[in-house]
Amino acid sequence: LAHIIPTLYLNSDIAKKLIYTFAALLLLTVATAFISIFQLSSAHLAGFLILSIAMVKIMLVAFQFMELKEAHRAWKVGFSTLMFVIGLSILLLIP
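Residues numbered from 1 in each chain as written. Predicted model: local features only at pLDDT ≥ 70, side-chain atom pairs only at ≥ 80, totals over all residues. Heavy atoms only, no water.

A. Local environment of the environment of alanine 33. Take alanine 33: it is sitting in helix α2 (residues 13-37). Exposure remark for alanine 33: the relative accessible area of 34% places this residue in the partly exposed category. Separated by 17 residues in sequence, alanine 33 and isoleucine 50 place their C-alpha atoms 8.8 Å apart. (Helix = DSSP H or I, 4+ residues; strand = E, 2+ residues; numbered from the N terminus. Buried < 20%, exposed > 50% of the residue type's maximum accessible area, 1.4 Å probe, protein only.)

What follows is the structure, encoded as structure tokens:
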């Protein structure tokens, strides 16, 4: 990988943040798989945890890879509010 991407880019703060974000997304995906395989005490709790992890992953992708962190405050607040409302609506529909 080092001969494909210049080492200057790999040592930058931006590259480190992207790699850490990607690693966090992978870990959250594995956590979701474990929760779905080893269902906890109830399906409602498992659904709550899986959807909560999904919302965190959406926020990570939006703020890191889609550069929402550089956008105007109104976009950040609007997107975060929308994700909260959608997540809450879905969670309330889980039996």
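Structure's up, so let's keep going.
B. The arrangement of the layout of surface pockets in detail. A volume near 190 Å³ is recorded for the largest pocket. In terms of lining residues, the largest pocket is bounded by Leu51, Ser52, Met55, Val56, Met59, Ser80, Met83, Phe84, Gly87, Leu88 and Leu91. Breaking the lining of the largest pocket down by element, the ones donating at least two residues are α3 (43-65) and α4 (73-93). With 6 residues, the top contributor of residues to the lining of the largest pocket is α4. Of the residues that constitute the lining of the largest pocket, the class distribution is 8 nonpolar, 3 polar and no charged. (1 Å grid on protein atoms, 1.4 Å probe; cavity = no way out; pocket = protein on both sides within 12 Å on 5 of 7 lines; lining within 4 Å. Points joined across faces, edges and corners; volume = space filled by probe spheres on them. Nonpolar A, V, L, I, M, F, W, Y, C, P; charged D, E, K, R; others polar.)

C. Layout of α4. Look at α4: 30 Å from first C-alpha to last across 21 residues, which is about the 30 Å you get at 1.5 Å a residue. Restricting attention to buried positions, one finds in α4 the residues Met83, Gly87 and Leu91. Buried residues in α4, looked at end-on, bunch into an arc of 60 degrees, giving them a common side. Facing away from the buried side of α4 by over 90 degrees, the exposed positions are Trp75, Leu92 and Leu93. (Expected span 1.5 Å × (residues − 1). Arc of directions from axis to C-beta.)

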